[in-house]
Amino acid sequence: MDFILKVGYYGVSAVSVLMFGLFFIGNLLNTSNPSETWVTRTVLVVAGLTGLGFFGWSFVAGHMGEQWVVGIGLAVTGMVVFGLMMLAGMLMFTNVKWN
């Protein structure tokens, strides 16, 4: 059972690192659409930093503390919080045009 939890933890961690890296590092390296405003970039950077914070907490609990279930939960929570912050920030701070 311990092996399955380790595989699950590292699988979820890999997905979360790829997701945070895509949005966070992509924004820092200015690879986004030039028509985006600074508000959009700020929302994505703040959401990315929050997600990376949850991932760091997940790393401490899962990898270092060997609490695999807690690590999986924190990594998944980080992805959910990242998505919700990104969606809410885009809806609140940008001009959304509903067609």
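Positions within a chain are numbered from 1, following the residues in the order the chain's sequence is written. Where local features are concerned, this predicted model is filtered to residues with pLDDT of at least 70; where side-chain atom pairs are given and counted, the filter is 80 or more; whole-chain, interface and lining totals use all residues. No hydrogens and no water enter the side-chain calculation; it runs on all heavy atoms of the structure.

Draft legend 1. Quick peek at the packing of helix α1 (residues 2-28) against helix α2 (residues 38-64). Relative to each other, α1 and α2 sit at 155°, their axes nearing to 9 Å. Taken together, the axes of α1 and α2 lie roughly antiparallel to each other. As for the relative orientation of α1 and α2, their crossing is left-handed in sense. Facing α1, whose interface residues are Tyr9, Tyr10, Ser13, Ser16, Val17, Phe20, Phe23, Phe24, Asn27 and Leu28, α2 presents Arg41, Leu44, Val45, Gly48, Leu49, Gly51, Leu52, Phe55, Ser58, Phe59, Gly62 and His63. For every element, the axis is a line fit to its C-alpha atoms; helices are fit only across the contacting stretch, and the angle between N-to-C directions ranges from 0 to 180 degrees. Segments assigned H or I by DSSP are reported as helices when at least four residues long, segments assigned E as strands when at least two residues long, and all are numbered from the N terminus. Roughly parallel here means an angle under 35 degrees, roughly antiparallel means over 145, roughly perpendicular means 65 to 115, and every remaining angle is called oblique. Left-handed describes a crossing whose near helix is turned anticlockwise from the far helix by less than a right angle; the clockwise case is right-handed. Only heavy atoms enter the contact rule, under which two residues are in contact if any of them lie within 4.5 Å.

Draft legend 2. Molecular detail of helix α3 (residues 68-93). With 26 residues, α3 ought to run about 38 Å at 1.5 Å a step, and its terminal C-alpha atoms sit 37 Å apart, in line with that. Remark: exposure states derive from per-residue accessible area (1.4 Å probe, protein chains only) relative to the maximum for the residue type, with buried under 20%, exposed over 50%, and partly exposed in between. For α3, the complete set of buried residues consists of Trp68, Gly71, Leu74, Ala75, Gly78, Met79, Phe82, Met86 and Gly89. Looking at the buried positions of α3, the neighbouring elements they touch are α1 and α2. The span expected for a helix works out to 1.5 Å for each residue beyond the first.

Draft legend 3. Representation of a nonpolar patch on the surface. For patch detection, residues must exceed 30% relative accessible area and be free of salt bridges, and they are connected within 9 Å for like charges or within 5 Å for nonpolar side chains (Val, Leu, Ile, Met, Phe, Trp, Tyr). Only the protein chains shown count as covering a residue, and every accessible area follows the Shrake-Rupley method with a 1.4 Å probe. A carboxyl oxygen of Asp or Glu within 4 Å of a side-chain nitrogen of Lys or Arg is what we treat as a salt bridge. Together, Phe3, Ile4 and Val7 give the surface a local cluster of nonpolar side chains, amounting to about 350 Å² of exposed area. Tracing the backbone shows Ile4 in helix α1.

Draft legend 4. A look at the packing of aromatic side chains. Centres within 6.5 Å make a pair out of two Phe, Tyr or Trp rings, where for Trp the six-membered ring is used; the pair is then stacked when the planes are under 30 degrees apart, edge-to-face when over 60, and tilted otherwise. Applying the stated criterion to the full structure yields four aromatic pairs. For the pair Tyr9 and Tyr10, a centre-to-centre distance of 5.0 Å together with 70° between the ring planes defines the contact as edge-to-face. Residue classification places Tyr9 among the buried residues on the basis of a relative accessible area of 1%. The exposure class assigned to Tyr10 is partly exposed, which follows from its relative accessible area of 39%. Among the aromatic side chains, those forming a connected cluster through ring pairs are Tyr9, Tyr10 and Trp68.

Draft legend 5. View of the pattern of salt bridges. Applying the stated criterion to the full structure yields one salt bridge. Between Asp2 and Lys6 there is a salt bridge, with the nearest N and O atoms lying 3.9 Å from each other. Here Lys6 and Asp2 lie together in helix α1, a separation of four residues that amounts to about one turn. Given a relative accessible area of 42%, Asp2 falls into the partly exposed group. Look at Lys6 and you get partly exposed, because its relative accessible area is 32%.

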